[in-house]
There are 2 protein chains.
Amino acid sequence: MKRGTTHDGPGPSASPPAAPHPGGATLDDVAALAGVARSTASRAVNGSHEVSEKARAAVQRAVAELGYVPNGAARALVSSRTDAIALVVPETQTRLFSEPYFSDVISGVSMEVAAADMQLLLILVRNEGERRRLTAYLRSHRVDGVILVSVHRDDPLPTLLEELGTPTVLAGRRGENESLSYVAGDNHGGARTAVQHLIGAGRTRIATIAGPLDMEVARTRLAGYRDALQRAGQAPTDDLVEVSDFTEEGGGTAMRALLRRAPDIDAVFCASDVMAAGALQALRSAGRRVPEDVALVGFDDSIIARHTTPALTSVRQPVEEIGRAIARLLLDQVAEPKRPRRQLILPTELVVRQSAPGDRTSAAKS
Amino acid sequence: MKRGTTHDGPGPSASPPAAPHPGGATLDDVAALAGVARSTASRAVNGSHEVSEKARAAVQRAVAELGYVPNGAARALVSSRTDAIALVVPETQTRLFSEPYFSDVISGVSMEVAAADMQLLLILVRNEGERRRLTAYLRSHRVDGVILVSVHRDDPLPTLLEELGTPTVLAGRRGENESLSYVAGDNHGGARTAVQHLIGAGRTRIATIAGPLDMEVARTRLAGYRDALQRAGQAPTDDLVEVSDFTEEGGGTAMRALLRRAPDIDAVFCASDVMAAGALQALRSAGRRVPEDVALVGFDDSIIARHTTPALTSVRQPVEEIGRAIARLLLDQVAEPKRPRRQLILPTELVVRQSAPGDRTSAAKS
DNA sequence: GCTCATTCTGGAAGCGCTCCCATGAATTTG
DNA sequence: CAAATTCATGGGAGCGCTTCCAGAATGAGC
C-alpha cells in the first residue's frame, strides 16, 4: 500500500480485497501480482518485444484480474505523448457547425482516431476570447496534433501551428500554395462538372453565386465555373457572377441582383446548397419556374438539397472519407513528424435532381 | 536549462527571448526567473491566497516573459483532476449526429466548458468495439465528468458511470424515474401543444407517427399526444398511432400505413421533422394536399422544417440552452461530487408554418 | 567446461506538478 | 522586551509511468 496514509494500525476495516485503492490499480500492483518488476510489467503492457512469453502472460493475467488501465496523465507526462488530437472548428457563422459537412468530417475523423486508440478533443472557436484560449492551449503541448476545419486565407492559426511544429492537417487549404498538409474535395472539378452539366442540358446564360472570396473553397468553385465556360468556348463575364456569403439570405439577395442585372439567365450554379435554397426562393418570388426557366445547381449535397421543391441537383463531396483521410494523414505525421507534408484532393460527384435535369425538356415533378 | 539539448550558443534567431527549451518553460524556470521556490510559484500561478503580493507579481512577470503554460499531464497526475469532460454520442443511426440537435447541444456544452477553461472530448460510439473501448476509457479516470447524449432505456453505460462514481449528466432521461442528473426539452408539453394546435385548427382525426418506443423521448411525445386528445375529450385510439424509427423512410412507411388504416385522417403529429418529411412525401404521393386535406406537425424545428414545401410547423426545443444547462450541471457536480442529482426540463415552443396553420381555411403558399 | 554474445530483468532516475510540513521572518500581545 | 501567534516561504515527497542502464540468466561456440 502506498497511498493510504491515514491509518496503519490493524484497523477493523474489512474493505473488499479487490480494488486495492480508490483510483484503480497501478502498474506496481500489476507487477507485484505478476511477480515481476514494474519495468517488466510496463514493457509487457506496451507490447515491447523484449519480454519473455512467461512474463508477458503473467502480466496479462494480473492486468485482467485487477482491471488495470494505465493512467493517461502519468504516461503523457513521461512520454510527452498525449494520445489526443484536437479538432478545431471556427464557428463564427451561425450553425455553420450544423452543416452536415462538419458532422461528417467529424464522424470520419472520429473513426480513424478511435481505431488508433487516441482521443479527439473538440474545440469550437466562436469569439476572440475563445481564440486566445485556444492559442494558449495549443502552446501547452496538450495534444499530439491538430485538425483545422474551415480555414480562412489570413487565419493566423496555421502559421502558429507551423511555428510550434505541431503536426497539423487542414480540411481545405488556405490558398493555392498551401504549405501544410490538407485534404479537400475537388472543388474545382466539382464546380466544372456542375456547369458542364448545365451546358450539356442546353443552358446558355449560366450565372453563378459564389461564396466569400476570402475562402479558398469559394475561389476554387468560382474558378471551376469559369473553367467550364471557357472550355465550352463561352467567355465568362463578370456580370453573371455574384459574390455572396454562403447563407440562405445571401443567396436570395444575390439571386435578385442577378435577375436585375441579367434577366435572361437560364441557369445558376450556386457554390452551396444553402445559397441555392435562398436563390430558389427568390426565383420563385420573381415568377421564374425551376427548372423550366432557370436551372439551379447547388454544392455540398446537404440535407436541404433533398428537401427543397424541386430537389436540388448538387455536387457531393465524399465528406466522411475526407474526414478519415485527414485523420490518417495526421496520425502518420504524429508518428513520424519529419515526414513530408501531403495534400489530398478527393473526387466529387454530381447528384442530379429536378432543379437541373440532364436535358432541358424533362419536366420536374412538383 | 534542462531539456534543451540542441544548441545553447547565442543563436541569430530574433525569436522571443522566451522558450528556453523546446517543450516550453516549466514551473521551475518560472520560479528561477522570479527568484522564488517552485512551491511559491505554483501557489501564485494557481491563485492561492497565501502568497505575498510581491512574490505574485514577480511570478506573473516571469510567466509572461517565458510564455509559461502549465503542463496538463503533470497537473492531472498529481491532482487527479483532468479538467476534461467527455461528450459521448452513440451514433448508431446514420447521420443521427448530423441532426441539428446534436450540433446545438454540442455547441452549448462547448460554450460552458470553454468558459470553465476545461476541455471537451468528443466520443462517437458506432459499434461494439468502440463501445468496449469507451468502457475501458471511462474506467481509466481520464475525464472529470461525462455527458451522455441520446440514451436508450437499457443502455448499460449510465449504470456503469453511476457505479464508478463519475459525475454524469444525461441529455434526456432513460425513463420516468431517472436517478442521474439530466436535462431535456419538454417533450410531453411540446407534443401536447402541437396536438392542441391541430385541435384548435379544427382537425378532428389526428394521427401520430411516434419514434421507437425504447427511447424515452418517443414515449414522452406519444404521451403528450394522447394527453392532448384526452383533454379535448377525444379518446385516443391506437389505430391512429403508428410507431416508426425517426428516419425519413420510416416516416413515409408509417404514413402509408396510417392512410391505409384510417383514410379519413386530417392531421398527423410526427415525433420528428425527419419523419414528417417522409410523411409529407407519402401524403403527396397519395394525392393528399398539405395542409388542406391533412395538416402536418413535426418536432425539432430542424433545418429541413424550413425547406420542405410547405414548410413544417414544428416544435422547437431550446437546444443550445439545453447544452449549456447540461454543462453547468456537470461542472457543478465535478466541483462538488456529493451534491444531489438535478433534473431540468426546459420549455419548448411551437413554430407555426404552412404545413399546419392556425386555422383550417388559411391557404398555404406553394 | 569455460568464455562470449544474447536475451531478460530489476533498480533507479526522472517527467512537471501539487501540497504537506518545517522553518524563519514578521507581527502581535502580556 | 520576551513569548506567542501568524504568515509567507522553501524543501521535499511523491503522483504513475517510461526508459536507461547494468547485472543476471540463458544459450551458443570452441
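Residues numbered from 1 in each chain as written. Chains lettered and ligands numbered in written order. Predicted model: local features only at pLDDT ≥ 70, side-chain atom pairs only at ≥ 80, totals over all residues.

## A look at the overall build of chain A
Here is step 1: For chain A, the count of helices and strands is 13 helices and twelve strands.
Here is step 2: Within the span of chain A, comprising 366 residues, buried residues form 52% of the whole.
Here is step 3: Long-range contacts, defined as pairs at least 24 residues apart, comprise 68% of the intrachain contacts of chain A with a sequence gap of at least 6. (Helix = DSSP H or I, 4+ residues; strand = E, 2+ residues; numbered from the N terminus. Buried ≥ 20, exposed ≤ 12 C-beta atoms within 10 Å, placed from the backbone. Contact = placed C-beta atoms within 7 Å.)

## Structural notes on the protein's contact with DNA strand C
Here is step 1: Looking at DNA strand C, there are 30 residues lining it, with Ala 37 and Val 78 of chain A together with Leu 27, Ser 39 and Ala 74 of chain B nearest.
Here is step 2: For the surface near DNA strand C, the element with the highest residue contribution is helix α4 (residues 72-79) of chain B, accounting for five residues.
Here is step 3: The residue makeup of the surface near DNA strand C, split by class, is twelve nonpolar, ten polar and eight charged. (Near = placed C-beta within 6 Å. Nonpolar A, V, L, I, M, F, W, Y, C, P; charged D, E, K, R; others polar.)

## Let's talk about the environment of Ser 285 of chain A
All names here are of chain A.
Here is step 1: Tracing the sequence through the fold places Ser 285 in helix α11 (residues 273-285).
Here is step 2: Look at Ser 285 and you get exposed, because 12 C-beta atoms sit within 10 Å.
Here is step 3: Ser 285 sits 61 residues away from Leu 346 along the chain, and the two C-alpha atoms are 37 Å apart.

## Re the relation of the copies chain A and chain B
Here is step 1: Of the two same-sequence chains, chain A is brought onto chain B (RMSD 0.2 Å, axial shift 0.1 Å) by a rotation of 180°. The two molecules are tied by a two-fold rotation axis, judged by turn and shift.
Here is step 2: Both copies share a contact surface, since 97% of the interface residues of chain A are interface residues in chain B too. (Least-squares fit on C-alpha atoms with pLDDT ≥ 70 in both.)

## Considering helix α5 (residues 100-115) of chain B
Residue and element names in this part refer to chain B.
Here is step 1: The end-to-end C-alpha separation of α5 is 22 Å, in line with the 22 Å expected for 16 residues at 1.5 Å each.
Here is step 2: Along α5, 14 of the 16 residues are buried, which leaves the element largely enclosed by surrounding structure.
Here is step 3: Taken from the residues just after α5, Asp 117 is the one with a positive phi, measuring 60°. (Expected span 1.5 Å × (residues − 1).)

## Considerations on the nonpolar core
Here is step 1: The biggest cluster of nonpolar side chains holds 96 residues, and the ones touching the most others in it are Val 268, Ala 279 and Leu 296 of chain A together with Ala 279 and Leu 296 of chain B.
Here is step 2: Apart from residues lying up to four places away in sequence, Leu 296 of chain B is in contact with Val 268, Cys 270, Ala 276, Ala 279, Leu 280, Val 290, Pro 291, Leu 312, Ser 355 and Ala 356 of chain B.
Here is step 3: Counting residues in hydrophobic clusters, the runner-up holds 93 residues, among them Val 125, Tyr 137 and Ala 325 of chain A together with Val 89 of chain B. (Core = buried A, V, L, I, M, F, W, Y, C linked by C-beta atoms within 7 Å.)

## Let's talk about the sheet that holds strand β12 (residues 349-351) of chain B
Residue and element names in this part refer to chain B.
Here is step 1: Pairing is mixed in the open sheet, where six strands are placed in the order β7-β6-β8-β9-β10-β12. Each edge of the open sheet is held by one strand with a lone partner, namely β7 (241-243) and β12. Neighbour-to-neighbour, the strand axes of the sheet open up by a mean angle of 20°, direction not taken into account.
Here is step 2: Examined bridge by bridge, strand β8 (residues 267-270) and strand β9 (residues 295-299) share three bridges and lie parallel to one another. What sits directly across from Val 268, in β9, is Leu 296.
Here is step 3: Contacting β6 (206-210), β8, β9 and β10 (313-316), helix α11 (residues 273-285) crosses the sheet at an angle of about 155° to β9. (Pairing = 2+ DSSP bridges. Axes fitted to C-alpha atoms, helices over the stretch in contact; angles between N-to-C directions.)

## Describing the pairing of strand β4 (residues 168-171) of chain B
Residues and elements named next belong to chain B.
Here is step 1: Across the two faces of β4 the burial is the same, with Thr 168 and Leu 170 and Val 169 and Ala 171 all buried.
Here is step 2: As paired elements, strand β3 (residues 145-149) and β4 share four bridges and run parallel to each other. Along β4, the bridge assignment pairs Leu 148 with Leu 170.
Here is step 3: Viewed along the sheet, the connection from β3 through helix α7 (residues 157-164) into β4 turns out right-handed. (Right-handed = clockwise from strand over helix to strand, strands pointing away.)

## Quick word on the protein's contact with DNA strand D
Here is step 1: If you check the shell around DNA strand D, you find 31 residues, and the closest are Leu 27, Ser 39 and Ala 74 of chain A together with Ala 37 and Ser 39 of chain B.
Here is step 2: If you list the elements that add at least two residues to the surface near DNA strand D, you get α1 (27-34), α2 (38-45) and α4 (72-79) of chain A together with α2 (38-45), α3 (53-66) and α4 of chain B.
Here is step 3: Of the residues assigned to the surface near DNA strand D, the class counts are twelve nonpolar, ten polar and nine charged.

## Some points on the confidence of the model for chain A
Should pLDDT be low for a region, the predicted coordinates there are not to be read in detail.
Here is step 1: This prediction gives chain A a mean pLDDT of 87; 90% of its residues lie at or above 70.
Here is step 2: Within the model, pLDDT remains below 50 along residues 1-21 of chain A, and this stretch shows four contacts once partners closer than five positions in the same chain are excluded. (pLDDT = per-residue confidence, 0-100.)

## Structural notes on the packing of α5 of chain B against helix α13 (residues 319-335) of chain B
Residues and elements named next belong to chain B.
Here is step 1: Where α5 contacts α13, the axes come no closer than 7 Å and their chain directions differ by 45°. Of the possible angle classes, the one that applies to α5 and α13 is oblique. In this structure, the crossing between α5 and α13 has a hand that is right-handed. Facing α5, whose interface residues are Tyr 101, Asp 104, Val 105, Ile 106, Ser 107, Gly 108, Val 109, Met 111, Glu 112 and Val 113, α13 presents Val 319, Glu 320, Glu 321, Ile 322, Gly 323, Arg 324, Ile 326, Ala 327, Arg 328 and Leu 331.
Here is step 2: Split by residue class, the contact of α5 with α13 holds eleven nonpolar, three polar and six charged. (Parallel < 35°, antiparallel > 145°, perpendicular 65-115°, else oblique. Left-handed = near helix turned anticlockwise from the far one by under 90°.)

## Comments concerning unusual backbone geometry
Here is step 1: Of the consecutive residues Val 290 of chain B and Pro 291 of chain B, the connecting peptide bond is found in the cis state with omega at 10°.
Here is step 2: Mapped onto the fold, Pro 291 of chain B is located in the loop between α11 and β9.
Here is step 3: That bond from Thr 309 of chain B to Pro 310 of chain B is cis: its omega, -5°, falls within 30 degrees of zero.
Here is step 4: With respect to the helices, strands and loops of the structure, Pro 310 of chain B is situated in the loop between α12 (303-307) and β10.
Here is step 5: Unusually for a residue other than glycine, Asp 83 of chain A sits at a positive phi of about 60°.
Here is step 6: If you check the backbone angles, Asp 117 of chain A has positive phi at about 60° while not being a glycine.
Here is step 7: Topologically, Asp 117 of chain A is positioned in the loop between α5 (100-115) and β2 (119-125).
Here is step 8: Judged by the 10 C-beta atoms lying within 10 Å of it, Asp 117 of chain A is exposed.

## Examining the sheet that holds strand β12 (residues 349-351) of chain A
All names here are of chain A.
Here is step 1: Here we have six strands laid out as an open sheet, ordered β7-β6-β8-β9-β10-β12, and mixed in their pairing. Both outer strands of the open sheet, β7 (241-243) and β12, are each paired with one neighbouring strand and no more. If you compare each strand with its neighbour and ignore which way they point, the axes differ by 20° on average.
Here is step 2: Direction of pairing for strand β6 (residues 206-210) relative to strand β8 (residues 267-270): parallel, over a ladder of four bridges. From the neighbouring strand, Thr 208 faces β8, where its bridge partner is Phe 269.
Here is step 3: Helix-sheet contacts for helix α10 (residues 248-261) involve β6, β7 and β8, and the interaxial angle to β6 is about 145°.

## A word on the interface of chain A and chain B
Here is step 1: Between chain A and chain B, the residue contacts involve 39 residues of the former and 38 residues of the latter.
Here is step 2: Of all the elements in the fold, those that place two or more residues in the side of chain A that touches chain B are α4, α5, β2, α6 (128-139) and α12 (303-307) of chain A.
Here is step 3: The element that contributes the greatest number of residues to the side of chain A that touches chain B is α5 of chain A, accounting for six residues.
Here is step 4: A class-by-class count of the residues in the side of chain A that touches chain B yields 16 nonpolar, 16 polar and seven charged.

## Section: the environment of Pro 70 of chain A
Here is step 1: Inspection of the secondary structure puts Pro 70 of chain A in the loop between α3 (53-66) and α4.
Here is step 2: Those residues in contact with Pro 70 of chain A that sit more than four places away from it in its chain are Val 45 and Arg 75 of chain A.

## A look at the packing of α1 of chain A against α3 of chain A
Residue and element names in this part refer to chain A.
Here is step 1: Their axes nearest at 8 Å, the elements α1 and α3 cross at an angle of 125°. Taken together, the axes of α1 and α3 are oblique relative to one another. Our pair here, α1 against α3, has a crossing hand that is right-handed. Taken together, the residues of α3 that come into contact with α1 (itself represented by Asp 29, Val 30, Leu 33 and Ala 34) are Ala 58, Val 59, Arg 61, Ala 62, Val 63, Glu 65 and Leu 66.
Here is step 2: Split by residue class, the contact of α1 with α3 holds eight nonpolar, no polar and three charged.

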